[in-house]
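Below are the chains, spelled out letter by letter.
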Amino acid sequence: MKNPRLEIDSIKLKENSEILAGMLHRKGITCAAVTKAFCAIKEAAEIFKEAGMDFLADSRVSNLKKLKDIDLPKLMLRLPMISEAEDTVKYSDISLNSEIETVRVLNKEAGKLNKKHGVILMADLGDLREGYPEEDDLIKAAEEILTMEHIEFKGIGVNLTCVGGVIPDEDNLGELKGIKERLKRELNTDCEIVSGGNSSSLPLIMEGRMVPGINNLRLGESILLGRETAYGKRIEGTHGDIFTLRAEIVELKTKPSVPRGKRGVNAFGEVPAFKDRGMRRMAILALGKQDAEPHNLTPIEDGIVIVGASSDHTVIDVTDYKGELSVGSEISFRPDYAGILRLTTSQYIKKVMVGSDGRKTECL
Ligand SMILES: *Cc1c(COP(=O)(O)O)cnc(C)c1O
C-alpha cells in the first residue's frame, strides 16, 4: 500500500453510525449524517445509509454532488451562496437559510429546474453563527417563503457550540420550540423539521432532557470520534479509533537535539524552542503541514514524539520507541477532528477503507 494513507475502519464506522441513529430514532428524532469532515468520501457516506441514517448533510455543494447517487435526501448545511444557487437546488433537497434574498434566488433557480427546494430557517439562539437573532424577522421570512411557488417551508433549526461555544439546553432549545409554536399560531404553519443542533446536543438525549418537539439532529464529529462535543464525553459502545494515519520514514539518524549554527526563523516564520536532551534517534516522515498539523496527530505507539513539521516533512523523536524501525517503516497516528478534515482534504493522502476481513480498498 502506498503512503501516506488514512485508513478508515468501515466496521467501526458502521457500528458508531448504528448506535447514534438508534439513540435518536428511539426518541423519535431523525438524524442527518454529516459528511463534511471527511470530504464526503462516498464509500463512507454509503455506510451512513446502510446504518439507517435519514439524511446526508454537508456544508459544501461540491461534496453533495459526489453523493448524488446515494438514495437519501441531501441537506446543505452552510448558508448557500447566491452564486451557487443553481447547484444548491440541483444537488440538495433542503438547505439551511437565514437570508431571504438568497431564498428568493433559490426559488427562481428551482423554478427553472422545475423542482421544489426545501428550506429550513435558522435561528441564532446565542452562539453568533448563522441564523436570525430576532424571532420576528424569522417569522416574517417564513411568511414570505410560504408564498413562494418553488420553495417548500420545511421548518426551523439552530446551530450551537460552534463560534460562541454555547451549550444546548432547555432554555435555548426551548426558544426554538417557542418559534415553532409561534409559526403555528401566527401563520398556521407546521414545521416538519425542528433541527436542534449538532453533536453538542447529544448530552440532552443521553440524559433524557431533550426538549420535546425537537425532531432532528445533524451529527458529524460524534459519529466519527464517538464523543459528544459539549463536554467531550464518550458515547457508550462507540469507537474512537476509526481513523488511522500511516506515514513512512524517509530518514532515520542519530542527531543532536539542539540546532547548530546561527539561528533565524523556521520555514513558517517562527522561532522554535529546543531543549538540550543530548543525542537523539530522529526520523523524518514523508508527511507535512500540507497534510496535517502535528498538534492534530497523536502517535499511537509509545515512545514516539512529534518534534515539528514543515510543509512536507514531519520530524519525530523515536529514541524511546521499543520496536524495530528502519527507513521505509510506517508510523501510525490517530488524527483528531481537524486532523481528519485536513488529511482527507489533502490530495497527497491516500484514503483507504478497511473491511471486515482486513481487506483494504482505496477510495476514488
Ligand atoms: C458541521 C455542522 C454540523 C455537524 O457538527 P458536528 O459537531 O460535527 O456534529 C451540524 N450542523 C451544521 C450547520 C454544521 O455546519
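For the structure, see preceding data.
The rules we used
Residues numbered from 1 in each chain as written. Predicted model: local features only at pLDDT ≥ 70, side-chain atom pairs only at ≥ 80, totals over all residues. Heavy atoms only, no water. Helix = DSSP H or I, 4+ residues; strand = E, 2+ residues; numbered from the N terminus. Buried < 20%, exposed > 50% of the residue type's maximum accessible area, 1.4 Å probe, protein only. Contact = heavy atoms within 4.5 Å. Near = heavy atom within 4 Å. Polar contact = N/O pair within 3.5 Å; in protein donor to acceptor, adjacent residues only side chain to side chain. Areas by Shrake-Rupley, 256 points an atom, 1.4 Å probe, with all protein chains shown as cover. 1 Å grid on protein atoms, 1.4 Å probe; cavity = no way out; pocket = protein on both sides within 12 Å on 5 of 7 lines; lining within 4 Å. Sits in = over half its atoms within 2 Å of the grid points. Disulfide = S-S within 2.5 Å. Pairing = 2+ DSSP bridges.

### Things to note about the overall build of the protein
Helix and strand counts for the protein come out as 10 helices and 17 strands. Its C-alpha atoms give the protein principal-axis dimensions of about 75 × 50 × 45 Å. The buried share of the protein, reckoned over its 364 residues, is 51%. When contacts within the protein are restricted to residue pairs at least 6 apart in sequence, long-range pairs at least 24 apart make up 64% of them.

### Here's the deal with unusual backbone geometry
In this chain, asparagine 3 is followed by proline 4 through a cis amide linkage whose omega measures -10°. Structurally, proline 4 can be placed in the segment before β1 (5–9). With phi around 50°, asparagine 188 is a residue other than glycine that occupies positive phi space. As for its position among the elements, asparagine 188 is in the loop between α7 (170–187) and β8 (193–195).

### A look at the site of the ligand
Taken together, the neighbourhood of the ligand is formed by 13 residues, with Lys36, Ser199, Arg218, Gly220 and Glu221 sitting nearest. One of the side-chain nitrogen or oxygen atoms of arginine 129 is found 2.9 Å away from an oxygen atom of the ligand. Measuring from an oxygen atom of the ligand, one finds a backbone N or O atom of glycine 220 at 2.9 Å. Relative to its unbound accessible area of 390 Å², the ligand is 94% covered by the protein chains. Under a 2 Å grid-point criterion requiring more than half of the atoms, the pocket assigned to the ligand is the second largest pocket.

### Focus: the side chain of histidine 150
Summarising the element assignment, histidine 150 is placed in the loop between α6 (135–145) and β7 (151–157). Every residue in contact with histidine 150, bar those within four places of it in the chain, is listed here: Asn107, Ala110, Gly111, Lys115, Lys116 and His117.

### A look at the environment of glutamate 330
Counting through the fold element by element, glutamate 330 comes out in strand β15 (residues 330–335). What makes glutamate 330 partly exposed here is its relative accessible area of 34%. Distance from glutamate 330 to leucine 285, taken between C-alpha atoms, is 8.7 Å for residues 45 residues apart in sequence. Not counting residues within four places of it along the chain, the set of residues in contact with glutamate 330 comprises Asn3, Arg5, Arg246 and Ala247. Within the local environment of glutamate 330, its side chain forms a polar contact with the side chain of asparagine 3, the two groups lying 3.2 Å apart. Looking at glutamate 330, its side chain comes within polar contact range of the side chain of arginine 5, at 2.9 Å.

### A short note on the state of the cysteines
Taken as a whole, this structure holds zero disulfides when the rule is applied. Cysteine 162 provides the cysteine sulfur closest to cysteine 31, a residue in no disulfide bond, and the two sulfurs are 16 Å apart. Among the residues examined, cysteine 31 registers a relative accessible area of 0% and is labelled buried.

### A look at the side chain of glutamate 7
Within the secondary structure layout, glutamate 7 lies in strand β1. The exposure class of glutamate 7 is buried, given its relative accessible area of 4%. A distance of 3.0 Å separates the side chain of glutamate 7 from the side chain of arginine 246, its partner in a polar contact.

### Topic: the pairing of β15
The pairing of strand β10 (residues 243–256) with β15 spans four bridges and is classified as antiparallel. In the strand pairing of β15, glutamate 248 is matched with glutamate 330. Looking at chain direction, strand β12 (residues 297–299) and β15 are connected through three bridges and run antiparallel. Each residue of the ladder has a partner; that of leucine 297, found in β15, is proline 335.

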